[in-house]
Amino acid sequence: MKFWDFQADARRSTKGLLGAFLLLVLGIVVSVHLALALVFWIPALLMVATTPLTLGQAAVTYPTGFLATNVGLVTLMVLGGAWIKRDNLKQGGLHLARQLGAREVRPALSHAEQQYANIMQELCIAAGAQLPQAMVLPRDMSLNAFAASWEARDAVIVVSMGALEYLSRDELKGVVAHELSHLREGDTRLNMELAGYVFGLEMLFNYGEEWSERGVPVFGWPLMAVGWLGWLAGQALKAAVSRQREYLADAHAVQWTRNPDGLGRALRKALWLQDHAHEAAAMQSSPGLRGGSGLRSPLVAHMLLVDVEDSDALHDAWHLGGVNWLASHPSLEERIARIYGQEQDALPLQEGEQRWVNPFAAALPQARPEA
């Protein structure tokens, strides 16, 4: 994997997409103004069509501050939405992780958790990054992880118990390196801010819907149309940014571990779970292999190593040209092919009928009390 080239491509693509997002917001401002201006022009156009008057004689008068009100309305909606979403993470990554059921890593509890803590320290030294809080989702047997932070001091990396149990040391190291990249690049904050702007466009749609319900559809419908189109385009751009940050994190993981097979094998195992849901669920000792309810929270959907969100009608409708335009993650096949430079088969968690368990997942021996 040419990780330097992939990192440069991902950063360049992100800048282009953020520029497109800014142009989208400006386009929404212009569209709202033109749509509402058309409301005032419709009576004049009808008068010209039904009377001898010319367009120049049919005067159109806008209310005082018409342009400023339209611009201020959209700006307030977008910035207000960003403020609301930003407030979700202001309490910090540690608060969010605990809210989803995670706990701090306990190196004294098992070799696997001790190994996880050691890997975290090794990678922070290799990446020159500040050490985040290592946490575990104890009741989640999927192969997943996420990173969350608003500021460096509240950064956390959370891995599922399934990742500790089924991944080798090199594989777990690749997963943790991927999540560490998200923290170092500020991806959590970026995604939450973009989600806030998109939410602001949704608020614009809701505002138009309120006007329509109050019996003023002439103002409500234009706002609903512009708000819905803006929300859809914003969702697609936000998802595209998120996919590029996943590629960037994969490239960083290969760079810091110097081992493409680490993250590569972890993703191949995740691909096997994705393709063999029933078989995978049957071999697990704990229910909920596809991810706990916490990992399905929209607050962390874009932060996960592997997307656990089931395909729905909206996503399927926008799966065009081989790309799911609303997906927050590239497909596992694409990510694996980038890491190896070619397609690779899924990698099962077990061979034959023998259930493979990480030998480091066993509990540490307890010291005997002194007589």
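On a predicted model such as this, the values are computed, not experimentally measured, just so you know.

Student: I'd love a proper account of the packing of helix α8 (residues 217-257) against helix α12 (residues 332-340), names of residues and values included.
Tutor: Where α8 contacts α12, the two axes come as close as 11 Å, and the packing angle between them is 35°. Handedness of the α8/α12 crossing: right-handed. Residue-level inspection shows Glu246, Tyr247, Asp250 and Val254 of α8 in contact with α12, the latter providing Glu334, Arg335, Arg338 and Ile339. For the contact of α8 with α12, the class distribution of residues is three nonpolar, no polar and five charged.

Student: Can you lay out α8 for me, pointing to particular residues and giving the numbers?
Tutor: Over its 41 residues, α8 extends 58 Å from the first C-alpha to the last, a length consistent with the 60 Å expected when each residue adds 1.5 Å. Counting buried residues in α8 gives 31 out of 41 residues, a clear majority hidden from the surface. One or two steps after α8, the chain reaches Arg258, where phi turns positive at roughly 55°.

Student: Just give me the short version of the sheet that holds strand β2 (residues 133-137), but keep the residues and values in it.
Tutor: Judged by pairing direction, the sheet is mixed, and its four strands sit side by side in the order β1-β2-β4-β3 without closing on themselves. Taken across any chain shown, the strands that pair with only one partner, and hence form the sheet edges, are β1 (103-104) and β3 (145-148). The pairing of β3 with strand β4 (residues 156-160) spans four bridges and is antiparallel. Its bridge partner lying in β4, Ala145 is registered against Val159. Across the face of the sheet, helix α4 (residues 111-127) comes into contact with β1, β2 and β4 while running at roughly 145° to β2.

Student: Outline the packing of aromatic side chains, listing residues and values.
Tutor: On inspection of all chains with the given rule, the structure shows five aromatic pairs. Pairing Phe21 with Tyr197 gives two aromatic rings, centres 6.2 Å apart and planes at 50°, and the pair type is tilted. Note that Phe21 is positioned in helix α1 (residues 3-50) and Tyr197 in helix α7 (residues 187-213), a separation of 176 residues in sequence. Across the ring face of Tyr247, the terminal group of Arg338 is positioned such that the distance to the ring centre comes to 3.7 Å.

Student: Run through the pairing of β2, naming residues and quoting values.
Tutor: Look at any regular strand and the pattern is simple: side chains alternate between the two faces of the sheet. Among the five residues of β2, four are classified as buried, and the element is accordingly described as predominantly covered. Where β1 and β2 come together, two bridges link them in antiparallel fashion. Residue pairing for β2: Glu104 is matched across the bridge by Met135. Summarising the sheet, β2 and β4 pair through five bridges and their orientation is parallel. Paired with Gln133 across the two strands is Val156, which belongs to β4.

Student: Outline the pattern of salt bridges, supporting the account with residue identities and numerical values.
Tutor: What the rule picks out here adds up to 11 salt bridges. For Arg98, the salt bridge goes to Glu104, with nearest N and O atoms at 2.3 Å. Take Arg98: its relative accessible area is 48%, and that puts it in the partly exposed class. By relative accessible area, which is 28% here, Glu104 ends up partly exposed. A salt bridge links Arg169 to Glu122; the nearest nitrogen and oxygen atoms lie 2.5 Å apart. Residue Arg169 is located in helix α6 (residues 169-184), and its partner Glu122 is located in helix α4; the two are separated by 47 residues in the primary sequence.

Student: Break down the packing of α7 against α8 for me, citing the residues and quoting the values.
Tutor: At a minimum axis separation of 7 Å, α7 and α8 run at an interaxial angle of 165°. Compared by their axis directions, α7 and α8 come out roughly antiparallel. The handedness of the crossing between α7 and α8 is left-handed. Classifying every residue of the contact of α7 with α8 gives 16 nonpolar, nine polar and five charged.

Student: Explain the confidence of the model for the protein chain residue by residue, including any values.
Tutor: Across the protein chain, the average pLDDT comes to 81, with 82% of residues at or above 70. Note on residues 285-292: pLDDT under 50 across the span, and 17 contacts to partners over four residues away in sequence or across chains. Every residue in residues 310-317 scores below 50 in pLDDT, and together they form seven contacts with partners more than four places removed in sequence or on other chains.

Conventions used here
Residues numbered from 1 in each chain as written. Predicted model: local features only at pLDDT ≥ 70, side-chain atom pairs only at ≥ 80, totals over all residues. Heavy atoms only, no water. Axes fitted to C-alpha atoms, helices over the stretch in contact; angles between N-to-C directions. Helix = DSSP H or I, 4+ residues; strand = E, 2+ residues; numbered from the N terminus. Left-handed = near helix turned anticlockwise from the far one by under 90°. Contact = heavy atoms within 4.5 Å. Nonpolar A, V, L, I, M, F, W, Y, C, P; charged D, E, K, R; others polar. Expected span 1.5 Å × (residues − 1). Buried < 20%, exposed > 50% of the residue type's maximum accessible area, 1.4 Å probe, protein only. Pairing = 2+ DSSP bridges. Phe/Tyr/Trp six-rings, centres within 6.5 Å; stacked < 30°, edge-to-face > 60°. Lys NZ or Arg CZ within 6 Å of the ring centre and 35° of its normal. Salt bridge = Lys/Arg side-chain N within 4 Å of Asp/Glu carboxyl O. Parallel < 35°, antiparallel > 145°, perpendicular 65-115°, else oblique. pLDDT = per-residue confidence, 0-100.

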